[in-house]
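Each chain, letter by letter, is given below.
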Amino acid sequence: MDIRQIVIVGTGQMGAGIAQVAAQSGLEVTLVDVDRALAEKAKAGIAGRLDKLVAKGKLAQADKDAAIARLHSAGSLEEAKGAQLAIEAIVEHEPTKRELFVRLDQLLPKEAILATNTSSIPITRLAAATKRPDQVVGMHFMNPVPVMKLVELIRGAQTSDETYEAVKALAQKLGKTTVVSRDFPGFIVNRILIPMLNEACFALHEGLGTAKDIDEAMKLGTNQPMGPFELADFIGLDTVLAIAEVLHKGLGDDKYRPSPLLRQYVDAGWFGRKTGRGFHQY
Ligand code: CAA
């Protein structure tokens, strides 16, 4: 299937990032949130980011204008019912996602593919909520979406080869490189990344070094763009903890138990960059 028209549900950082890349890649994109004003706000944010690229000489004004013309904001799913693909990027709450998948299944054309950007909820369970489980797939983009090259594709137990091939071709059209993961907790990236961030929290708790020194050690010692605490603050400590809990529960092994220090930071409301305080101050 040649996908040209897509709907993105959820206009947070991930939804907006995916919408930006899709519109820049020539797709017709409808950005939907519960309130049209939120979708409008996300569209304005994308226009602002594209303006910066124009100012830096990295994007032609005409290409920016064309991308923005392909981006439509909406306050309800009905406005996007002709879409060939939906990418869901709403809150990481399984009942809410399941409810959305039921609605998308009812509204979208029968050949449309339903994708989720979830970082931790089983694709197989979301697929089972629909009457087209073979057309449900995970498309896990990385933050910040316009910069990061990877899209992890996750095949649920029921995902068909046709669905997988169609979203793989689409991700390539967006300029991304794909890897395929089986549908097990954390998929590939978070299965390996989150235990590393969690281990950094244990190390800090034990007094192995300061947050600054641990970050510096990992950044310069292993050539990573951000140290573990910088990255955890960037992802959001609430999100890091939630994924750590999914790994612990889903894999049933105590080696994945979340660090008590991480849990305490989340209890204190220190979620990282988005709240102005995490392991570092912003
Ligand atoms: N949106 C769009 N573009 C952005 C951006 C954003 N939020 N943040 C930075 N950029 C762009 C900048 O505009 C700049 O572009 P140009 O080179 O064209 O000017 C480029 O990225 C580099 O930015 P900076 O020079 O400001 O800063 P930097 O060199 O420190 O890079 C970074 C910033 C790209 C975020 C880099 O630090 C990095 O790669 N960090 C690691 C990010 C990472 O690991 N992400 C994955 C998180 S895990 C995940 O997402 C999965 C999950 O489920 C938790």
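What comes next concerns the included structure. These numbers come from a predicted model, not from an experiment.

### Some remarks on the packing of helix α9 (residues 228-235) against helix α10 (residues 237-251)
The packing of two helices is summarised by the inter-axis angle and the distance between the axes.
Then comes step 1: Packing of α9 against α10 leaves a shortest axis separation of 5 Å and a crossing angle of 95 degrees. If you check the angle between α9 and α10, you find them roughly perpendicular. Residues Ala-232, Asp-233 and Ile-235 of α9 form the contact with α10, whose participating residues are Leu-237, Thr-239 and Val-240.
Then comes step 2: Looking at the contact of α9 with α10, its residues break down into four nonpolar, one polar and one charged.

### Description of the sheet that holds strand β1 (residues 5-9)
Remark on secondary structure: sheet strands pair via backbone hydrogen bonds, oriented parallel or antiparallel.
Then comes step 1: Across the sheet, which stays open at both edges, the eight strands sit in the order β3-β2-β1-β4-β5-β6-β7-β8 with mixed pairing between neighbours. The open sheet has two edge strands, β3 (71-74) and β8 (177-182), and neither has a second partner. Averaged over all neighbouring strand pairs, the angle between strand axes comes to 25 degrees, with direction disregarded.
Then comes step 2: In terms of strand pairing, strand β2 (residues 28-32) meets β3 through four bridges, oriented parallel. Counted as the bridge partner of Val-29 is Leu-71 from β3.
Then comes step 3: Sheet strands touched by helix α1 (residues 13-24): β1, β2, β3, β4 (85-88) and β6 (136-141). Its angle to β2, the strand with the most contacts, is close to 165 degrees.

Reading the values: rules and limits
- Residues numbered from 1 in each chain as written.
- Predicted model: local features only at pLDDT ≥ 70, side-chain atom pairs only at ≥ 80, totals over all residues.
- Heavy atoms only, no water.
- Axes fitted to C-alpha atoms, helices over the stretch in contact; angles between N-to-C directions.
- Helix = DSSP H or I, 4+ residues; strand = E, 2+ residues; numbered from the N terminus.
- Parallel < 35°, antiparallel > 145°, perpendicular 65-115°, else oblique.
- Contact = heavy atoms within 4.5 Å.
- Nonpolar A, V, L, I, M, F, W, Y, C, P; charged D, E, K, R; others polar.
- Pairing = 2+ DSSP bridges.

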